[in-house]
Amino acid sequence: MQLQSVAKLQPNQSVVYIADAHTQWELLDFNPEQLAFIKHQVAAEAFPIVINDYHRLRIISYFNKQADVHIAHENCRIAAADAVQLINKYKLDQVAITNESSIPNAAWYFTEGAVLANYQFLKYRNDANKIANSLKTILLPQDSATPQEVTELQHLLDAACMARDLINEPPVYQTAQHLANEFKAMGKKAGFKTTVFDKKKIESLKMGGLLAVNRGSQDPPTFTIMEWKPKNAINKNPIILVGKGVVFDTGGLSLKPTLNSMDFMKCDMAGAVAVGCAMYATAINKLPVYVIGLVPATDNRPGENAYVPGDVVTMYDGTTVEVLNTDAEGRMILADALSYAKQYNPELVIDIATLTGAASFAVGTQGMLLMSNASRKDTKAIKKSGLEVYERLVEMPLWHEYLEQMKSDIADLKNVGGSEAGAITAAKFLEHFTAYPWMHIDMAPVAWNMSGKNYRVKNGSGKGVRLFYQFLKTRCAQG
Ligand code: BES
Ligand code: ZN
Ligand code: ZN
């Protein structure tokens, strides 16, 4: 979708008005019948209100006052999805969005919802022309969003939609190598540096976890390093984002156990693309913050040389791990990346991963899990960003007792910890490989939408991108 900043609205322009009790209707060029109709609909709470002037469509999205500002903003995003549906039904190719409400920046949130709701993945559809949404351009008058905001938002939403594309691509196309190439292309466009380690290099570095998971695969693993280091960065030591890049998770020899549980496992690199696409948005919008992205990537398959339950793997940092379930592969590859991060002396490391089904059992599809041993200030800050972009985080503890479940008889650790508290024991496993302030986000509950709802369309969700961007942007604003 194209976002376009305009000085002011043209008279024949189709438009969405964001309205509330403070809207000055008399300034909006409605005739008396239309005003009476609007009043009636507002009283009946029948939204959105549609005024069809024949030469243009006008949609009024009306918001009742909300005590919670985050819910108010989320209501804007959700309402945008309804408006977009109407615009496409009327086959309009452009619409303006103007904020006539008392909610500051409402056009920003509404546009987010509109762009994300209008998203489609049509690359493999022969009937793409027929089923493509008509809406292509959103115009934003300068009194609703500044030209700078429009550019920033365009880049951010491009990044979120790119993340969805990368998740929705089929595994036959989205190999570890291909994913690394995508990151390279994004780096080239946005201006961050990308280095990709191939299998030989990964072997020479002895990244045992990544190599073990890759043993059952026909395709080589990759390890991608993305670096955005602007001269005006607020931080000397980097913030490092680490993403799980399992391009497909069959479970390996401990094959996925239940009906349909493998169907959507192409989303197992959603953490990796959240990192890559957040790097893209950060660099292209030139946020003054030094960030590094690390992505270990492979598929997890039961090929003839696959790692097996009972194997002991020596990890990148020398830790030995007894493998008791080859489906707990995410922690194997992330552990190596977290150990690798130490050499940068980072001020903060955040990993994001579709790590456990247990996370979904804990919170359903409404949130991601957060586990943190970083400062309370940073932990609070990421939770706040989560509320602001409505990619919410629920914090779980990292109590030391949980580590007991990860102890092995014959090695330093084992890779599974029993049936209880699976998301936490997975995090305790990862924590072993850290030596810096660290936060872990288990995004398994939200990476994939089984069905679509409002702007959260079906399939790859693209979550994590807006979360990281908001976190970094806020950090920059605070200096
Ligand atoms: N990729 C899965 C977790 C997952 C589940 C992601 C549902 C998205 C939606 C992960 O690799 C996995 O298989 N985890 C196991 C761990 C277990 C064997 C300890 C799980 O959660 O069952
Ligand atoms: Zn798995
Ligand atoms: Zn997995």
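Remember, it's a predicted structure, so these values are computed and weren't measured experimentally. (Residues numbered from 1 in each chain as written. Chains lettered and ligands numbered in written order. Predicted model: local features only at pLDDT ≥ 70, side-chain atom pairs only at ≥ 80, totals over all residues. Heavy atoms only, no water.)

*Asks:* Help me out: how do you make sense of the coordination of the zinc ion (ligand 3) in this one?
*Replies:* Six octahedrally arranged donors around a metal ideally form angles of 90 or 180 degrees; four tetrahedrally arranged donors ideally form angles of 109.5 degrees. The protein atoms donating to the zinc ion (ligand 3) are K244 (NZ), D249 (OD), D268 (OD) and E329 (OE), with metal-donor distances spanning 2.0 to 2.4 Å. For the zinc ion (ligand 3), the six donor atoms in the first shell make angles of 77 to 172° at the metal, a pattern classed as octahedral. Read in sequence order, the donor residues for the zinc ion (ligand 3) give the motif K-x4-D-x18-D-x60-E. A separation of 3.2 Å is found between the zinc ion (ligand 3) and the zinc ion (ligand 2), both of which receive a donor from D249. Of this pair, D268 sits in the loop between β10 (245-249) and α9 (270-284) while E329 is found in the loop between β13 (320-322) and α10 (330-341), placing the two residues 61 residues apart along the sequence. For the residue pair D268 and E329, the accessibility class agrees, reading buried in each case. (Donors = N, O, S within 2.8 Å, 3.2 Å for Na, K, Ca; no water. Tetrahedral: all angles 85-135°; square planar, octahedral: opposite > 155°, others 65-115°. Helix = DSSP H or I, 4+ residues; strand = E, 2+ residues; numbered from the N terminus. Buried < 20%, exposed > 50% of the residue type's maximum accessible area, 1.4 Å probe, protein only.)

*Asks:* Just checking my understanding: could you explain the pattern of salt bridges for this structure?
*Replies:* Opposite charge on two side chains permits them to pair, given that their charged atoms come into close proximity. For the structure shown, the criterion picks out 23 salt bridges. Across the pair D327 and K256 runs a salt bridge whose closest N-O atoms are separated by 3.0 Å. Residue D327 is located in the loop between β13 and α10, and its partner K256 is located in the loop between β10 and α9; the two are separated by 71 residues in the primary sequence. On the accessibility criterion, D327 (17% relative accessible area) is buried. According to the relative accessible area criterion, K256 is buried, its value standing at 18%. (Salt bridge = Lys/Arg side-chain N within 4 Å of Asp/Glu carboxyl O.)

*Asks:* Whenever I open this one, the site of ligand 1 confuses me. Can you help?
*Replies:* Every one of the 16 residues lining ligand 1 counts as a neighbour, but K256, D268, D327, E329 and G357 are closest to it. In the model, an oxygen atom of ligand 1 is placed 2.9 Å from a nitrogen or oxygen of the D249 side chain. Backbone polar atom of T354 to a nitrogen atom of ligand 1: 3.4 Å apart, as the coordinates give it. Burial of ligand 1 by the protein amounts to 79% of the accessible area it has alone, namely 520 Å². Among the residues forming the shell around ligand 1, the class breakdown is five nonpolar, four polar and seven charged. (Near = heavy atom within 4 Å. Polar contact = N/O pair within 3.5 Å; in protein donor to acceptor, adjacent residues only side chain to side chain. Areas by Shrake-Rupley, 256 points an atom, 1.4 Å probe, with all protein chains shown as cover. Nonpolar A, V, L, I, M, F, W, Y, C, P; charged D, E, K, R; others polar.)

*Asks:* Looking at this structure, how should I read the coordination of the zinc ion (ligand 2)?
*Replies:* Looking at the metal site, the zinc ion (ligand 2) is ligated by D249 (OD), D327 (O), D327 (OD) and E329 (OE), spaced 2.0 to 2.2 Å from it. Taken together, the six donor atoms coordinating the zinc ion (ligand 2) and their angles of 70 to 167° define a geometry best described as irregular. All donors of the zinc ion (ligand 2) belong to a single chain; written as a sequence motif, their spacing is D-x77-D-x1-E.

*Asks:* Got a minute to help me understand the nonpolar core in this structure?
*Replies:* General note: in soluble globular proteins, nonpolar side chains tend to be found buried as a group. The biggest cluster of nonpolar side chains holds 96 residues, and the ones touching the most others in it are I97, F110, F192, I350, I382 and I441. Considering every element that reaches this core, the biggest residue donor is α9, with 12 residues. Core analysis: the second largest hydrophobic core is formed by 48 residues, I202, L294, V349 and L369 among them. (Core = buried A, V, L, I, M, F, W, Y, C linked by side-chain atoms within 4.5 Å.)

*Asks:* Explain the sheet that holds strand β12 (residues 312-314) to me, please; I cannot follow it from the model alone.
*Replies:* Sheet strands line up and pair through hydrogen bonds in the backbone, either parallel or antiparallel. Taken together, three strands build an open sheet; the order of strands is β12-β13-β17 and the sheet is mixed. Each end of this open sheet is capped by a strand with a single partner; those strands are β12 and β17 (413-414). In the sheet, β13 pairs with β17 via two bridges, with the strands oriented parallel. For E322, the partnering residue across the bridge sits in β17 and is K414. (Pairing = 2+ DSSP bridges.)

*Asks:* What is the right way to read the packing of helix α6 (residues 176-190) against α9 from this model?
*Replies:* Between α6 and α9, the least distance of the axes is 9 Å, while the angle of their chain directions is 10°. Here α6 is positioned roughly parallel relative to α9, judged by the angle of their axes. Where α6 abuts α9, its residues L179, F183, M186, K189 and A190 lie against A272, V273, G276, C277, Y280, A283 and I284. Along the lines of polarity and charge, the residues of the contact of α6 with α9 split into 10 nonpolar, one polar and one charged. (Axes fitted to C-alpha atoms, helices over the stretch in contact; angles between N-to-C directions. Parallel < 35°, antiparallel > 145°, perpendicular 65-115°, else oblique. Contact = heavy atoms within 4.5 Å.)

*Asks:* Looking at this structure, how should I read the sheet that holds strand β1 (residues 2-6)?
*Replies:* One open sheet holds the six strands; their spatial order is β1-β6-β5-β2-β4-β3, and the pairing between them is mixed. Here the strands that pair on one side only, and so sit at the sheet edges, are β1 and β3 (49-52). Strand-to-strand twist in this sheet, taken as the mean axis angle between neighbours without regard to direction, amounts to 20°. Bridging between strand β2 (residues 15-19) and strand β4 (residues 57-62) involves five bridges; their strand directions are parallel. Each residue of the ladder has a partner; that of V16, found in β4, is I59. Its contacts with the sheet place helix α1 (residues 32-44) against β3 and β4, and it is angled at close to 165° to β3. Of the strands in this sheet, β1, β2, β4, β5 (94-99) and β6 (137-141) are in contact with helix α3 (residues 106-118), which crosses β5 at around 150°.

*Asks:* When you look at the packing of aromatic side chains in this model, what are you seeing that I'm missing?
*Replies:* What characterises a pair of aromatic rings is the spacing of the ring centres plus the angle enclosed by the ring planes. Applying the stated rule across the entire model yields 11 aromatic pairs. Summarising the aromatic geometry, the rings of Y17 and F30 are spaced 5.7 Å apart at their centres and angled 70° between planes, so their arrangement reads as edge-to-face. Taken together, the positions of Y17 in strand β2 and F30 in the loop between β2 and α1 put the pair 13 residues apart, joining distant regions of the chain. Under the relative-accessibility criterion, F30 is labelled buried at 11%. Pairing Y340 with Y344 gives two aromatic rings, centres 6.2 Å apart and planes at 65°, and the pair type is edge-to-face. Here Y340 falls in the buried class, since its relative accessible area comes to 7%. Clustering of aromatic rings is evident, with ring pairs tying together F197, F223, Y316, Y340 and Y344. Geometry around Y173 places K123 over its ring, the cationic atom sitting 3.7 Å from the centre. Looking at K201, its charged tip hangs above the ring of F197, at a distance of 5.2 Å from the centre. (Phe/Tyr/Trp six-rings, centres within 6.5 Å; stacked < 30°, edge-to-face > 60°. Lys NZ or Arg CZ within 6 Å of the ring centre and 35° of its normal.)

*Asks:* Hey, could you run me through the side chain of E391 in this one?
*Replies:* With respect to the helices and strands, E391 occurs in the loop between α12 (376-389) and β16 (393-395). Side chain to side chain, E391 and R466 meet in a polar contact 3.3 Å long. In this structure E391 touches M368, G386, K463, G464, V465, R466 and L467, once residues within four positions along its chain are discounted.

*Asks:* I would appreciate a short explanation of the packing of helix α2 (residues 69-89) against α3 in the present structure.
*Replies:* To describe two helices that pack against each other, one gives the angle between their axes and the distance between the axes. Between α2 and α3, whose axes approach to 7 Å, the crossing angle comes to 50°. Taken together, α2 and α3 sit at an angle that is classed as oblique. Seen from above, α2 lies across α3 with right-handed handedness. Within the contact between the two elements, α2 uses H73, C76, R77, A79, A80, A81, A83, V84 and N88 and α3 uses A106, Y109, F110, E112, G113, A114, A117 and N118. Tallied by class, the residues present in the contact of α2 with α3 amount to 11 nonpolar, four polar and two charged. (Left-handed = near helix turned anticlockwise from the far one by under 90°.)

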